Structures are given as C-alpha cells and as structure tokens.
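Results of the structural survey
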Amino acid sequence: DVQMTQSPSSLSASVGDRVSITCRASQTVTRHVNWYQQKPGKAPSLLIYADVRLQSGVPSRFSGSGSGTDFTLTINSLQPEDSATYYCQQGYITPGTFGQGTRVEVK
Amino acid sequence: EVQLVQSGSEVKKPGESLKISCKTSGYIFAKYWIGWVRQEPGKGLEWMGIIYPDDSDTEYSPSLKGLVTLSADKATSTAFLHFTNLQASDTAIYYCARSPLAGDALDSWGQGTFVTVSS
C-alpha cells in the first residue's frame, strides 16, 4: 500500500490566517492526490482533486499544490466555518489510502 | 442533484451478518464507481473497496479482502456492503461515495451508516 503521512496532526490559527497542511506519499502519486474536509458528525466532502483542482462549489481560499511525493493543502484567510478535520488521499493505486488527518481549530 | 442515501444505523451481535445499502440518484449509476470508507469512532478514514456497477468489477483493500463483499443492483441504482461474521472491531461508521474512476476522487458521499457490534 502507498502510505500517506500527513502533518501536522492538529493546528490552531486565527481568523484571517493562512494555514498549510502537508502530505507525503511513500511513492510518486502525481495527479492523484485529493483533499477532503470533515466536520464533526458529518460525512467528508471533497475539496481538491488531482493535486490542484478545486471541486465545484468549494471556496477559492482553498488550494492544493505539489507533485511527486509532497503535497500541500493551503487555506488562505481562514474562516470560522473552516474548523474541521482535513484528510489527504491518494488515488494512484488501490487501496486509495488516506492520511491520518489534521484537525484545524479556528480561534 | 447527485444523492447517495444510506440505510440506517444497526446494532448487531458478534458472528451475525449485515448488509448496508447505498441508494443513488441524479446520475447514471452504472457508469460511476462506488467506494466504501470506514471510520472507527474518533479515528481517521480507511478505504475499504470499490465497485463498478456496470460490470460489478471490484477492488478490495488487502486488509479486508474476504471479510466484506461489495455488490450493486443496477435496477434500483443501489450499492451494498455485506459483512459476514461481524466482530466488535467492525464497530464504525461506513460511508459510500461516488467516484468517476477506480482511483479517482470520491466526489459525492452518503450520510454514513453507524454499525455497532456488541454482545
């Protein structure tokens, strides 16, 4: 299986801050990294697919970058509603493994 | 509007079997993969397997192969996750989700089915 190592496991930031979450794959997975947001008690929802593509309806303050084995989810101008857990996932090889998750708290 | 609606919460005893459903609407069911994802209480997401309803092609996580079975009914646009011999460790929320390709992003999700296995 491809391992996805996500960091940090949690972070706390203020409204308006820029935050970044990183994900490192155990092998090259370019164009197959996706990012999800999960709020408490809810199903995950897709934010970014194919490394950099913004899912329809997702605010433009979310962006994805990276290639090879290193990928980043960036939230520009953090908003209160961005409090959630974020997961990376690779779809290059099945099983489509997820990172461990990053809990984001908005102060 | 794409919708995936899952069956309700279940409480089962160890050794029992269970079939969870995921009824879809708003798109051509046969032409998109349906993936299943497990989330143990307070834990992260685990990819379980995926099925292509048009021909029932399936791929399973090696850690779960033989423990669960995926199926799909094109007549009712419904996918199923079938457990045999449930164990306490199967206690989790199970999500179905749609994907354009087997290894692609999961772009629409069901609301989740909470399964509790306890004696």
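Summarised in this report is the structure supplied together with it.

A few points about the nonpolar core
- Ranked by internal contacts, the top residues of the largest apolar core, which has 24 residues, are A:Met4, A:Ile21, A:Trp35, A:Leu47, A:Leu73, A:Leu78 and A:Tyr86.
- When contributions to this core are tallied by element, the ones reaching two or more residues are strand S2 (10–13), strand S3 (19–25), strand S4 (33–38), strand S5 (45–49), strand S8 (70–75), strand S9 (84–90) and strand S10 (102–106) of chain A.
- A per-element tally of this core places S3(A) first, with 4 residues.
- With 23 residues, the next largest nonpolar core counts B:Leu4, B:Ile20, B:Tyr60 and B:Leu86 among its residues.

Considerations on the pattern of salt bridges
- Considering all chains together, one arrives at 8 salt bridges over all chains under this definition.
- One salt-bridge network, in which partners are shared between bridges, spans A:Arg61, A:Glu81 and A:Asp82.

Section: the sheet that holds S3(A)
Residue and element names in this part refer to chain A.
- Taking strand neighbours across the sheet as the criterion, the 4 strands line up as S1-S3-S8-S7 in an open arrangement whose pairing is antiparallel. Both outer strands of the open sheet, strand S1 (4–7) and strand S7 (62–67), are each paired with one neighbouring strand and no more. The average angle at which neighbouring strand axes cross in this sheet is 20°, direction not considered.
- Relative to S8, S7 is paired through 6 bridges, and the arrangement is antiparallel. From the neighbouring strand, glycine 66 faces S8, where its bridge partner is phenylalanine 71.

Topic: the side chain of A:Gln38
- Residue position: A:Gln38 is located in strand S4.
- Judged by its relative accessible area of 7%, A:Gln38 is buried.
- Reaching out from A:Gln38, the side chain makes a polar contact with the side chain of B:Gln39 at a distance of 2.9 Å.
- Of the polar contacts made by the side chain of A:Gln38, one reaches the side chain of B:Tyr95; its length is 3.3 Å.
- If we skip the residues at most four places from it in the chain, A:Gln38 touches A:Ala43, A:Pro44, A:Ala84, A:Thr85, A:Tyr87, B:Gln39, B:Leu45 and B:Tyr95.

Remarks on the interface of chain B and chain A
- Across the contact, 19 residues belong to chain B and 19 residues belong to chain A.
- Buried area between chain B and chain A, summed over both chains or domains, comes out near 1,400 Å², and the portion from carbon and sulfur atoms is 61%.
- Sorting the residues of chain B by area buried against chain A places B:Leu45, B:Trp47 and B:Trp109 first, and these three jointly supply 37% of that buried surface.
- At the junction of chain B with chain A, the criterion picks out 0 salt bridges.
- The interface formed by chain B and chain A holds 6 residue pairs in polar contact (both at pLDDT 80 or more) in total.
- Listed by contribution, the elements that provide at least two residues to the side of chain B that touches chain A are strand S4 (33–39) and strand S5 (45–52) of chain B.
- For the side of chain B that touches chain A, the class distribution of residues is 9 nonpolar, 5 polar and 5 charged.

Quick notes on the rules
Residues numbered from 1 in each chain as written. Chains lettered and ligands numbered in written order. Predicted model: local features only at pLDDT ≥ 70, side-chain atom pairs only at ≥ 80, totals over all residues. Heavy atoms only, no water. Core = buried A, V, L, I, M, F, W, Y, C linked by side-chain atoms within 4.5 Å. Buried < 20%, exposed > 50% of the residue type's maximum accessible area, 1.4 Å probe, protein only. Helix = DSSP H or I, 4+ residues; strand = E, 2+ residues; numbered from the N terminus. Salt bridge = Lys/Arg side-chain N within 4 Å of Asp/Glu carboxyl O. Pairing = 2+ DSSP bridges. Axes fitted to C-alpha atoms, helices over the stretch in contact; angles between N-to-C directions. Polar contact = N/O pair within 3.5 Å; in protein donor to acceptor, adjacent residues only side chain to side chain. Contact = heavy atoms within 4.5 Å. Buried area = accessible area lost by both parts, 1.4 Å probe. Nonpolar A, V, L, I, M, F, W, Y, C, P; charged D, E, K, R; others polar.

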